[in-house]
Amino acid sequence: MTPTREQVRRAPKVLLHDHLDGGLRPQTIIDLAADNGHQLPDVGGELTAESLGRWFAEAADSGSLERYLETFDHTVGVMQTGPAITRVARECVEDLAADGVVYAEIRYAPEQHVETGLTLDEVVAAVQEGFDQAVVASGNRIVVRQLLTAMRHQARSMEIAELAVAWRDRGVAGFDIAGAEAGYPPTRHLDAFEYLQRENFHFTIHAGEAFGLPSIWQAIQWCGADRLGHGVRIIDDITVHDDGSVELGLLAAYVRDKRIPLEMCPWSNIQTGAAASIAEHPIGLLKRLRFRVTVNTDNRLMSQTSMTHEMTSLVEAFGYGLSDLEWFTINAMKSAFLPFDERFALISDVIKPAYAALRGEVA
Ligand SMILES: O=c1[nH]cnc2c1ncn2[C@@H]1O[C@H](CO)[C@@H](O)[C@H]1O
Ligand SMILES: [Zn+2]
């Protein structure tokens, strides 16, 4: 039977790809902009939480990753003081816990939050304080880790990689690079990735979103990425023949054989033009072929989405049931940058029993 939206909300969910600066509450942006004097965009009428939320969704709905990324000026712009960052981080975890997320890795680029004089360390500490407050307030119903992102068009990746390693026992579980993909291949940051490997640290790379197979190939075979951010363009290495048979190219076969996790973000891909609709999103085929697919939100504000919304959309488009949602969730938990014993405990003590109970309700 098809799970209802409310059942999807109550089902435990695992989120590996969510940008802190892509998930602010619109009212919080308005409050912080008033406090800090940040000039918000002209929303074409009265500025309210609703009209501002709509502005983000429409501006991000551009069919281009570069245009989509411009909207971040107005979220990063209000996240330049310790208290502002802590508030955003706290509310992020509150919203995820209310959405039924039990484990989340939240990413952001510390180098973008130093405009008014915070140090990189102070930025990471402010985020951690907000996370800790919300986790305690939730009664520890959610586990949260930070991923530190370096911007791929900048040249601070080594510094950010060192920052991530310095915080590895204080809430940071991994590293990432993000930003415009075309023209900025992952190999620009090879020194940072090689450093992270020597430190036995974990990292994911945004690849195969706005650019195709060469980006994915570099991320895996040159840089050694543990996971792929998006990775949707791996579909370019898969041929579906008229008789329904499927042929994998060497790279697609490698990704599937090595169980390399794909952090898929369906609604974000529709906004940036990487996919035409949910029904046509490569996630359907990739799941059928049993790639290590996970479901994520990317930017909850810009895409007006949540884990419940992403999963409900997949249920509607592909007819998935609770077992499929559990499969995505266990895939994600297996792929998390958390120690094995902690991942195992969340799967066996939290995820599996909750899905079994929900299946009892649906049946
Ligand atoms: O889907 C995406 N692809 C590439 N970069 C992104 C995406 N979403 C957000 N960011 C970039 O990551 C930064 C740190 O969180 C954001 O400021 C944004 O520029
Ligand atoms: Zn992203």
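Per an unreviewed UniProt entry, the chain carries the name Adenosine deaminase and comes from Nocardioides conyzicola. Listed in UniProt under the heading Sequence similarities (unreviewed entry), the comment for the chain reads: "Belongs to the metallo-dependent hydrolases superfamily. Adenosine and AMP deaminases family. Adenosine deaminase subfamily." The record held by UniProt for the chain lists under Function (unreviewed entry) the comment "Catalyzes the hydrolytic deamination of adenosine and 2-deoxyadenosine."

Considering the coordination of the zinc ion (ligand 2)
Protein coordination at the zinc ion (ligand 2) comes from His17 (NE2), His19 (NE2), His206 (NE2) and Asp298 (OD), with a distance range of 2.1 to 2.2 Å. Taken together, the four donor atoms coordinating the zinc ion (ligand 2) and their angles of 83 to 169 degrees define a geometry best described as irregular. For the zinc ion (ligand 2), all donor residues lie on one chain, and their spacing in sequence is H-x1-H-x186-H-x91-D. Of this pair, histidine 206 sits in strand 5 (residues 204-207) while aspartate 298 is found in the loop between strand 10 (293-295) and helix 14 (307-318), placing the two residues 92 residues apart along the sequence. For aspartate 298, a relative accessible area of 2% puts it in the buried group.

Describing the UniProt feature "binding site: substrate" (unreviewed entry) in the chain
With numbering matched to this structure, UniProt assigns "binding site: substrate" (unreviewed entry) to His19, Asp21 and Gly179. On the basis of their most widely separated C-alpha atoms, the annotated residues across 161 residues gather in one place, lying no more than 12.6 Å apart. You can see histidine 19 is positioned in strand 1 (residues 13-19). Filtering out sequence-adjacent residues up to four positions away, histidine 19 remains in contact with Arg107, Ala178, His206, Asp298 and Asn299. Looking at histidine 19, its side chain comes within polar contact range of the side chain of histidine 17, at 3.3 Å. Along the polypeptide, glycine 179 turns up in the loop between strand 4 (172-178) and helix 9 (190-198). When near neighbours in sequence (up to four residues on either side) are disregarded, glycine 179 contacts Leu65, Leu69, Met151 and Arg152.

A look at unusual backbone geometry
The phi dihedral of asparagine 140 is positive, around 60 degrees, even though this residue is not glycine. Its relative accessible area of 58% is what places asparagine 140 among the exposed residues. Unusually for a residue other than glycine, arginine 259 sits at a positive phi of about 55 degrees. If you trace the backbone, arginine 259 turns up in the loop between helix 11 (250-257) and strand 9 (262-264). When its relative accessible area of 31% is taken as the criterion, arginine 259 is described as partly exposed.

Section: helix 14
For helix 14, which comprises 12 residues, the first-to-last C-alpha distance of 16 Å matches the rise-based estimate of 16 Å (1.5 Å per residue) to within 8%. All of the buried residues along helix 14 are Met307, Thr308, Glu310, Met311, Thr312, Ser313, Leu314 and Val315. Of the residues trailing helix 14, glycine 319 is marked for its positive phi of about 70 degrees.

Brief notes about the state of the cysteines
For the structure on display, the rule yields zero disulfides. Of all cysteine sulfurs in the structure, the one in cysteine 265 sits closest to cysteine 223, which takes part in no disulfide; the separation is 19 Å. We classify cysteine 223 as buried; its relative accessible area is 1%. Considering cysteine sulfurs only, cysteine 92 is the nearest to cysteine 265, which forms no disulfide, with 14 Å between them.

Rules used in this analysis
- Every chain is numbered on its own, with residues counted from 1 as its sequence reads.
- The lettering of chains begins at A and the numbering of ligands begins at 1, in the order of writing.
- Selection of residues for local features in this predicted model requires a pLDDT of at least 70, selection of side-chain atom pairs for listing and counting requires 80 or more, and totals for whole chains, interfaces and linings are taken over all residues.
- Computation of side-chain values covers all heavy atoms of the structure but excludes hydrogens and water.
- UniProt positions are given in the numbering used here, feature names are shortened, and annotations may be inferred rather than shown by experiment.
- Only N, O and S atoms count as donors, using a 2.8 Å limit from the metal and a wider 3.2 Å limit for Na, K and Ca, and since water is excluded some coordination spheres may look unfilled.
- Only four donors with every angle between 85 and 135 degrees are called tetrahedral; only four or six donors with opposite donors over 155 degrees apart and all others between 65 and 115 are called square planar or octahedral, in that order; all others are irregular.
- Here a strand is any run of E in DSSP of at least two residues, a helix any run of H or I of at least four, and the numbering for each starts at the N terminus.
- Think of it in three bands: residues with accessible area under 20% of the maximum for their type are buried, residues over 50% are exposed, and the middle band is partly exposed, with areas taken using a 1.4 Å probe on protein chains only.
- Residue contacts follow a heavy-atom distance rule, with two residues in contact if any of their heavy atoms lie within 4.5 Å.
- Contacts described as polar in this section are N or O atom pairs within 3.5 Å, which, within protein, must combine one atom able to donate a hydrogen with one able to accept it, while residues neighboring in sequence count only if both atoms come from side chains.
- Here the expected length of a helix is defined as 1.5 Å per residue gap, with one fewer gap than residues.
- Criterion for a disulfide: a pair of cysteine sulfur atoms at a distance within 2.5 Å.

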